[in-house]
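Chain residues, written in single-letter form:
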Amino acid sequence: MQKPLSEYNSIVVLTGAGVSAESGLKTFRDNNGLWEGHDVSEVATPEAFEINPALVHSFYNARRNQLLEEAKPNLAHKSLSRFEAEFNGGFTLITQNVDNLHEQAGSQNVIHMHGELLQVRCINTGIVFQWTEDLTTQTHCPCCKIAGSLRPNIVWFGEIPMHMHEIEEALSHCDLFVSIGTSGNVYPAAGFVQLANAMGATTLELNLEPSLTQSAFAFAHYGPATEIVPSYFSI
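Residues numbered from 1 in each chain as written. Predicted model: local features only at pLDDT ≥ 70, side-chain atom pairs only at ≥ 80, totals over all residues. Heavy atoms only, no water.

Comments concerning helix H4 (residues 75-86)
Along an α-helix, residues three or four positions apart point the same way, because every turn accommodates 3.6 residues.
Move 1: With 12 residues, H4 extends 16 Å from end C-alpha to end C-alpha; this agrees with the ideal 16 Å at 1.5 Å per step.
Move 2: Of all the residues in H4, the buried ones are Ala76, His77, Ser79, Leu80, Ser81, Phe83 and Glu84.
Move 3: Tucked inside the fold, the buried residues of H4 contact strand E1 (10-15), helix H1 (17-20), strand E4 (90-95), helix H5 (101-105), strand E9 (176-180) and helix H8 (225-232).
Move 4: Residue Asn74 occupies the N-cap position of H4, its side-chain oxygen lying 2.8 Å from the main-chain nitrogen of Ala76. (Helix = DSSP H or I, 4+ residues; strand = E, 2+ residues; numbered from the N terminus. Expected span 1.5 Å × (residues − 1). Buried < 20%, exposed > 50% of the residue type's maximum accessible area, 1.4 Å probe, protein only. Contact = heavy atoms within 4.5 Å. Polar contact = N/O pair within 3.5 Å; in protein donor to acceptor, adjacent residues only side chain to side chain.)

Encoded structure:
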């Protein structure tokens, strides 16, 4: 039987699309991986941006506007934020989501391994800017002043996730790893449970249904994130 959360010293939580889905945000896998008839490979790879940057910008403009105008943190986001504020040990929240709903809910120590929707990056200087407006091929970069040199600060397919050293450090020192709302088929995140197990941490999956890596977890609870996360993350 798992011990109470208050008895752990360092907790690492990984969240995926299942946490934000109940806030109304569509995932990459909605509509069989299509967006307005386009395969996600046409809008979420470096090659896609080279071939058709206007299409890529349209895709991310739509997602950005949905986040700004429609999405709100749900009970899962709020429960994690409240737990972090009350927990006396170390708490690291790693998210595969590019929205800012964890931050809107009040979470402080959030690592965005796949980037952030409300950020853009200059392809010439690497400088990152906070961004809430539509982005087009005619948008001038604030630093290099060149039109079309800004891209979403998002990790696309084929690119290396961000903050991996920091993430591996946190996983190496935690005594509880919790995966929430993830499919278990996107690496390297899908391999985090193996690293946590190797370091002797307790591992727990909270998901709508068993993930592809379910067998690697010591404990598991299944149901909607807005139900199982609040019931589990309480002091």
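Considerations on the pattern of salt bridges
Pairing is possible between side chains of opposite charge, provided their charged atoms come close.
Move 1: Under the criterion given, the structure shown has 1 salt bridge.
Move 2: Two residues, Glu159 and Arg151, come together in a salt bridge whose shortest N-O distance is 2.9 Å. (Salt bridge = Lys/Arg side-chain N within 4 Å of Asp/Glu carboxyl O.)

Some details on helix H6 (residues 164-173)
Move 1: Listed as buried for H6 are Met164, Ile167, Ala170 and Leu171. The buried residues of H6 occupy an angular sector of 125° when projected down its axis, which confines them to one face. The exposed set on the far side of H6, more than 90 degrees from its buried face, consists of His165 and His173.
Move 2: Where H6 is buried, its residues contact E1, E4, strand E5 (110-112), E9 and helix H7 (192-198). (Arc of directions from axis to C-beta.)

Observations regarding the state of the cysteines
Move 1: As enumerated under the stated definition, the model contains 0 disulfides in all.
Move 2: Counting only cysteine sulfurs, Cys141 is the nearest neighbor of Cys122, a cysteine outside any disulfide, at a range of 3.7 Å.
Move 3: The exposure class of Cys122 is buried, given its relative accessible area of 1%.
Move 4: With no disulfide of its own, Cys143 lies 3.1 Å from the sulfur of Cys141, the closest cysteine sulfur.
Move 5: Accessibility expressed as a relative area gives 30% for Cys143, which makes it partly exposed. (Disulfide = S-S within 2.5 Å.)

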